[in-house]
Amino acid sequence: MNTRRLLLSACLAASLSACTGPRAFTRGTYEDPNTIEMLSDRFNENDLQLIAKKMAESLATSPRFAQPRPDGSLPIVLVGKLKNSTSEHIDMRSLGDKIQTALAQTGRFALVDQQARQDIAEEYEYQQSGYVDPNAAKGPGQQTSVDFLMTGDLASIIQEVGRDKLVYYKMTAKLSNVRTGLIEWTDEKQIRKKFEKRGVSW
């Protein structure tokens, strides 16, 4: 009798598994990328947007850059290396790109892209290789020099007690004068999030 019951239970479980099948994400909708929705306790796209917005607005309104230059030129900025000092894997290049875009949208700065510089250097080599009309070929020596270099560091502190978890991020950015090495501007963005551990049902 026990054997028969075991067989019936196994058959029933197999039938239910066949009916439900493997789970997969098959339907979706477009969402507003600015909507704040935290599905996990990890660094997310909203954190990235908050940091980029704060840094761009702070720099554009700082006393050093609030007023246009007498000659009408724009300060030339290069967003350099942003360090990840957290324990998470965070795409710091995406964060740099977001800050660069936010700075460009203020209309107060001219931007030089670090990755594009490397690509341009490779293009110079190709144009000087003989495959391009020598009279039209471009070469090194005429690029605009950068006035300021932005660097930054993203750090985090995680506290977990019982069912509560606090996640704290601090992004510190600095703008250095390339000629003098002096820090012309610095600011930080703090993000603090609280989570409560709950059971997850499927």
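Residues numbered from 1 in each chain as written. Predicted model: local features only at pLDDT ≥ 70, side-chain atom pairs only at ≥ 80, totals over all residues. Heavy atoms only, no water.

## Digging into the overall build of the protein chain
Along the protein chain, the regular secondary structure elements total four helices and five strands. Secondary structure elements in the protein chain, listed N-terminal to C-terminal, are α-α-β-α-β-α-β-β-β. Within the protein chain, the proportion of its 202 residues that are buried is 26%. By sequence separation, contacts in the protein chain at least 24 residues apart represent 66% of the contacts at least 6 residues apart. (Helix = DSSP H or I, 4+ residues; strand = E, 2+ residues; numbered from the N terminus. Buried < 20%, exposed > 50% of the residue type's maximum accessible area, 1.4 Å probe, protein only. Contact = heavy atoms within 4.5 Å.)

## Some remarks on helix H2 (residues 45-60)
For the α-helix, the turn length of 3.6 residues means that residues three or four positions removed from each other point alike. For H2, built from 16 residues, the straight-helix expectation of 22 Å at 1.5 Å per residue is met to within 8% by its first-to-last C-alpha distance of 23 Å. Asn-46, Asp-47, Leu-48, Gln-49, Ile-51, Ala-52, Met-55, Ala-56, Ser-58, Leu-59 and Ala-60 are the residues of H2 that are buried. Structurally, H2 contributes buried residues whose contacts are with helix H3 (92-106), strand E3 (148-161), strand E4 (164-177) and strand E5 (183-196). With a side-chain oxygen lying 3.0 Å from the backbone nitrogen of Asn-46, the N-terminal cap of H2 falls on Asn-44. (Expected span 1.5 Å × (residues − 1). Polar contact = N/O pair within 3.5 Å; in protein donor to acceptor, adjacent residues only side chain to side chain.)

## Here we look at the pattern of salt bridges
Pairing between side chains of opposite charge can happen when their charged atoms approach one another. One pass over the structure, following the stated rule, counts six salt bridges. Between Asp-187 and Lys-54 there is a salt bridge whose closest N-O contact spans 3.8 Å. Of the two residues, Asp-187 sits in strand E5 while Lys-54 sits in helix H2, which places them 133 residues apart along the sequence. Salt-bridge contacts for Glu-196 lead to Arg-163; the nearest nitrogen and oxygen are separated by 3.8 Å. Separated by 33 residues along the polypeptide, Glu-196 in strand E5 and Arg-163 in the loop between E3 and E4 bring together distant segments of the chain. (Salt bridge = Lys/Arg side-chain N within 4 Å of Asp/Glu carboxyl O.)

## Looking at H3
With 15 residues, H3 extends 21 Å from end C-alpha to end C-alpha; this agrees with the ideal 21 Å at 1.5 Å per step. Buried within H3 are the following residues: Met-92, Leu-95, Gly-96, Ile-99, Gln-100, Ala-102 and Leu-103. Along H3, the residues classed as buried sweep out an arc of 165° about the axis, all on the same side. The exposed set on the far side of H3, more than 90 degrees from its buried face, consists of Arg-93 and Gln-105. For H3, the elements touching its buried residues are H2, strand E1 (76-84), strand E2 (110-112), E3 and E4. Near the N-terminus of H3, the side chain that reaches the backbone nitrogen of Arg-93, with its oxygen 3.2 Å away, is that of Asp-91. Just downstream of H3 lies Gly-107, where phi reads positive at about 75°. (Arc of directions from axis to C-beta.)

## A look at the packing of aromatic side chains
If you walk through the whole model with that rule in mind, you get four aromatic pairs. Ring geometry for Tyr-126 versus Tyr-131: centroids 5.7 Å apart, planes at 5°, classification stacked. Residue Tyr-126 is classed as partly exposed on the basis of its relative accessible area of 44%. Here Arg-64 stacks its cationic end above the ring of Phe-65, 5.1 Å away from the centre of that ring. (Phe/Tyr/Trp six-rings, centres within 6.5 Å; stacked < 30°, edge-to-face > 60°. Lys NZ or Arg CZ within 6 Å of the ring centre and 35° of its normal.)

## Focus: the environment of Asp-97
Within the element layout of this structure, Asp-97 appears in helix H3. The class for Asp-97 is partly exposed, based on a relative accessible area of 36%.

## Quick notes on the layout of surface pockets
Looking at the largest pocket, its volume works out to about 280 Å³. What lines the largest pocket is a set of 13 residues, and nearest its centre among them are Val-79, Gly-80, Arg-93, Asp-97 and Gln-114. If you list the elements that add at least two residues to the lining of the largest pocket, you get E1, H3 and helix H4 (114-127). Among the residues forming the lining of the largest pocket, the class breakdown is three nonpolar, six polar and four charged. (1 Å grid on protein atoms, 1.4 Å probe; cavity = no way out; pocket = protein on both sides within 12 Å on 5 of 7 lines; lining within 4 Å. Points joined across faces, edges and corners; volume = space filled by probe spheres on them. Nonpolar A, V, L, I, M, F, W, Y, C, P; charged D, E, K, R; others polar.)

## Thoughts on the nonpolar core
Judged by nonpolar contacts, the single largest core of 30 residues is most densely connected at Ile-51, Leu-59, Leu-95, Leu-103, Leu-154, Leu-175 and Trp-185. In terms of residues, this core owes the most to one element, H2, which gives seven residues. Setting aside residues up to four positions removed in sequence, Leu-154 forms contacts with Phe-43, Ile-51, Lys-83, Asn-84, Ser-85, Thr-86, Ile-90, Met-92, Tyr-169, Lys-170 and Met-171. (Core = buried A, V, L, I, M, F, W, Y, C linked by side-chain atoms within 4.5 Å.)

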